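# Descriptive structure summary
Listed below are the residues making up each chain.
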Amino acid sequence: MLTPLGWGTLAGSILLYTAGFLLGYTEPVILATGGLLALGAAMAWTAPKPRLEVSRELTPLKVPREEAAVAVLNVRNLGRWALNGVRAHDRIDAADHTVDLPRLPRNGARMVSYSLPTSVRGEIPVGPLRLVRADPLGLTRRVRSYGAAATLLVRPRTVPLPVPPSGRAHHLEGPTSDNAPSGTATFHTLREYVVGDDLRHVHWKSSARTGTLMVRQLIDASLPTTTVVLDTRDLTEPAVDAAASVAVAAARAGFPVRVLTGDGPLAETKSDPELLLDRLALVRAGAAGVTEAIRLAGGGGSLVVVTADPAEVGRCAGVRRRFDRVVCVYLGHGRPATPGVTVVPMPDLDALAQSWSFR
């Protein structure tokens, strides 16, 4: 196809030729002929359909905020002739990213990589990918799309934190195995049998269907839940990072986790940090405060409220008796004193791990 420059060259050549012919001047006719010859040569340059094998991969597909993620583009020339002037255009979110590919010899392959933006949480659409081959003068080009669009998920940043003590001595260490202690067994999922499993937990129907001995995995239903309440008014990335750090720490220690915002439940899981990070990657600012979420949160275990509103810190004291431990990660200025509530100031995420301590 003709580029805007190519259309301009065509229109100009026609006007010059017409004016030179009507007025009897040879110079405009010669210039017009040169323009048309250049267009013909450009069309001949881009007319052959290139045979290319193209793949583009995102690595990794899920990445913490501000960590590196790249797109890796592999192009192989399957045609009989070498190719020059090939350019890749990849749509990254709302921007168009352009990469000039080096010369592709016959049966040759090239690999190029380019960085993806990870400064903001959320889903970053990447693609569709287009390869454009243009002539040296930029008069014509051939465009072809390859593959499907992909999505990069930018998750919150996290820092390692200890789990807040629940006030129950037998829960402080967390679960010691995938199976629940005797007397508190609750079915969670099926898994393959390993030596030492109780044969009474074998699920015979699933074993017969899969041809592999499967057992019921049990969990301790009495484990206290860690409830994380995130204030999404004037939402900032550090606030989401703090909520993610607390929730992931509890999940990795094997405790059930519930995440709430002023707009309602965000995630509830039995110790699945990956699910928590996926859900928190997509949280957006809201207009509702967290007072109602705190009021409706089930009691027991630990309550962690992430907010920059000192009034919300004060309201945490009203639910102190319903939880074994109430913690407020405070992103505002100062350190509000609230009886019965552990207030953890958070000037930034890196400082959270240092100030995250309990007596």
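## Digging into unusual backbone geometry
A negative phi holds for most residues other than glycine; trans holds for most peptide bonds. Looking along the chain, the bond that leaves Thr59 and enters Pro60 is cis, with omega of -5°. Here Pro60 lies in the loop between strand 1 (52-59) and strand 2 (62-64). A cis geometry characterises the amide bond from Gly127 onward to Pro128, with omega recorded as 5°. Its place among the elements puts Pro128 in strand 7 (residues 122-134). The backbone of Asn107 shows a phi angle near 60°, a positive value even though the residue is not glycine. The topology assignment puts Asn107 in the loop between strand 5 (95-100) and strand 6 (109-115). On the basis of relative accessible area, Asn107 is assigned to the partly exposed category, the value being 47%. Phi is positive for Asp234, which is not a glycine, with a value near 50°. In this structure, Asp234 sits in the loop between strand 12 (226-230) and helix 4 (237-252).

## Describing the sheet that holds strand 14 (residues 264-270)
If you trace the six strands from one edge of the open sheet to the other, you get 14-13-12-15-16-17, paired in mixed fashion. Edge strands, defined here as strands with exactly one partner in the open sheet, are strand 14 and strand 17 (342-345). Along the sheet, successive strands turn relative to each other by an average axial angle of 15°, direction set aside. Here strand 13 (residues 256-261) runs beside strand 14; their pairing, made up of six bridges, is antiparallel. Pairing of Thr261 across the sheet is with Gly264, part of strand 14. Sheet strands in contact with helix 4 are strand 12, strand 13, strand 15 (302-307) and strand 16 (325-330), and its direction is about 170° off that of strand 12. In the packing of helix 5 (residues 273-281) onto the sheet, contacts are made with strand 12, strand 13 and strand 14, and the angle to strand 14 comes to roughly 165°.

## Things to note about a nonpolar patch on the surface
Together, Tyr17, Phe21, Leu22, Leu23 and Tyr25 line one region of the surface with nonpolar side chains, adding up to about 640 Å² of accessible area. Counting through the fold element by element, Tyr17 comes out in helix 1 (residues 4-23). Residue classification places Tyr17 among the partly exposed residues on the basis of a relative accessible area of 40%.

## What to know about helix 5
Listed as buried for helix 5 are Pro273, Leu276, Leu277, Asp278, Leu280 and Ala281. At the N-terminal boundary of helix 5, the capping side chain belongs to Asp272, with an oxygen 3.2 Å from the backbone nitrogen of Glu274.

## Details of the sheet that holds strand 6
Pairing in this open sheet of three strands is antiparallel, and the strands run 1-3-6 from one edge to the other. Each of the sheet's edge strands pairs with one partner strand only, and the pair in question is strand 1 and strand 6. Within the sheet, the average angular offset between the axes of one strand and its neighbour, ignoring direction, is 15°. By the bridge criterion, seven bridges tie strand 3 (residues 70-77) to strand 6 in an arrangement that is antiparallel. Paired with Asn74 across the two strands is Met111, which belongs to strand 6.

Calculation notes
- Residues numbered from 1 in each chain as written.
- Predicted model: local features only at pLDDT ≥ 70, side-chain atom pairs only at ≥ 80, totals over all residues.
- Heavy atoms only, no water.
- Helix = DSSP H or I, 4+ residues; strand = E, 2+ residues; numbered from the N terminus.
- Buried < 20%, exposed > 50% of the residue type's maximum accessible area, 1.4 Å probe, protein only.
- Pairing = 2+ DSSP bridges.
- Axes fitted to C-alpha atoms, helices over the stretch in contact; angles between N-to-C directions.
- Contact = heavy atoms within 4.5 Å.
- Patch = residues over 30% accessible without salt bridge, like charges linked within 9 Å, V, L, I, M, F, W, Y side chains within 5 Å.
- Areas by Shrake-Rupley, 256 points an atom, 1.4 Å probe, with all protein chains shown as cover.
- Salt bridge = Lys/Arg side-chain N within 4 Å of Asp/Glu carboxyl O.
- Polar contact = N/O pair within 3.5 Å; in protein donor to acceptor, adjacent residues only side chain to side chain.

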